[in-house]
Amino acid sequence: MKTKTRKLAPSHPGAILRELFIKEYELTITEVADGIGMARVNLSAIVNERAGISPELAIKLSIAFNNTPEFWINLQSNYEMWYAEKKINRNKIKRFVTA
């Protein structure tokens, strides 16, 4: 079974948070961190693409920005899956079931 592979990496969820929410609403990282009850340094790591979004943070962001936790989790999952696909050599995996 061959999966579709994207050529271009998806955006890190922190980049989406930074560009479409923090900058768009003219907020600071400190304001958002305080508003959702997390340390500024931890939010900064996410916004600067050094950390990912947890389910708990996804809920907090969905409340703060009036969207869904699934929006944030899907961004994170798509990002992680794209990089995982690049690491796996499918030809070296034994297939126990064939279609």
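Residues numbered from 1 in each chain as written. Predicted model: local features only at pLDDT ≥ 70, side-chain atom pairs only at ≥ 80, totals over all residues. Heavy atoms only, no water.

Caption draft 1: Structural detail: the nonpolar core. Of all hydrophobic cores here, the largest spans 19 residues; its most connected members are Leu17, Leu43, Leu61 and Trp72. Of all the elements in the fold, those that place two or more residues in this core are helix 1 (13-22), helix 2 (29-36), helix 3 (40-47), helix 4 (55-65) and helix 5 (69-87). If sequence neighbours within four positions are ignored, Trp72 has contacts with Pro13, Leu17, Phe21, Ile53, Ala58, Leu61, Ser62, Phe65 and Asn67. (Core = buried A, V, L, I, M, F, W, Y, C linked by side-chain atoms within 4.5 Å. Buried < 20%, exposed > 50% of the residue type's maximum accessible area, 1.4 Å probe, protein only. Helix = DSSP H or I, 4+ residues; strand = E, 2+ residues; numbered from the N terminus. Contact = heavy atoms within 4.5 Å.)

Caption draft 2: Highlighting helix 2. Among the residues of helix 2, Ile29, Val32, Ala33 and Ile36 are the ones counted as buried. What you see down the axis of helix 2 is that its buried residues fit within an arc of 100°, all on one side. Counted as exposed and oriented over 90 degrees from the buried face of helix 2: Asp34 and Gly35. Against the buried residues of helix 2 lie helix 1, helix 3 and helix 4. (Arc of directions from axis to C-beta.)

Caption draft 3: Representation of the pattern of salt bridges in the model. This model, assessed by the stated rule, comprises 5 salt bridges. One salt bridge in this structure joins Lys60 and Glu56, with 3.5 Å as the shortest N-O distance. One end of the pair is Lys60 and the other is Glu56, both in helix 4 and 4 residues apart, which spans about a single turn. Owing to a relative accessible area of 25%, Lys60 belongs among the partly exposed residues under this scheme. A salt bridge links Arg90 to Glu85; the nearest nitrogen and oxygen atoms lie 2.8 Å apart. We classify Glu85 as partly exposed; its relative accessible area is 27%. Three or more residues joined by partner-sharing salt bridges are found here, namely Arg18, Glu19, Lys23 and Glu49. (Salt bridge = Lys/Arg side-chain N within 4 Å of Asp/Glu carboxyl O.)

Caption draft 4: Summary view of the packing of helix 4 against helix 5. For the pair helix 4 and helix 5, the least separation of the axes is 7 Å and the interaxial angle reads 130°. Put simply, helix 4 runs oblique to helix 5. Seen along the crossing, helix 4 lies across helix 5 with a hand that is right-handed. The residues of helix 5 that touch helix 4, namely those facing Pro55, Ala58, Ile59, Leu61, Ser62 and Phe65, are Pro69, Trp72 and Ile73. Its residues assigned to classes, the contact of helix 4 with helix 5 comprises 8 nonpolar, 1 polar and no charged. (Axes fitted to C-alpha atoms, helices over the stretch in contact; angles between N-to-C directions. Parallel < 35°, antiparallel > 145°, perpendicular 65-115°, else oblique. Left-handed = near helix turned anticlockwise from the far one by under 90°. Nonpolar A, V, L, I, M, F, W, Y, C, P; charged D, E, K, R; others polar.)

Keep in mind these values describe shape, not function.
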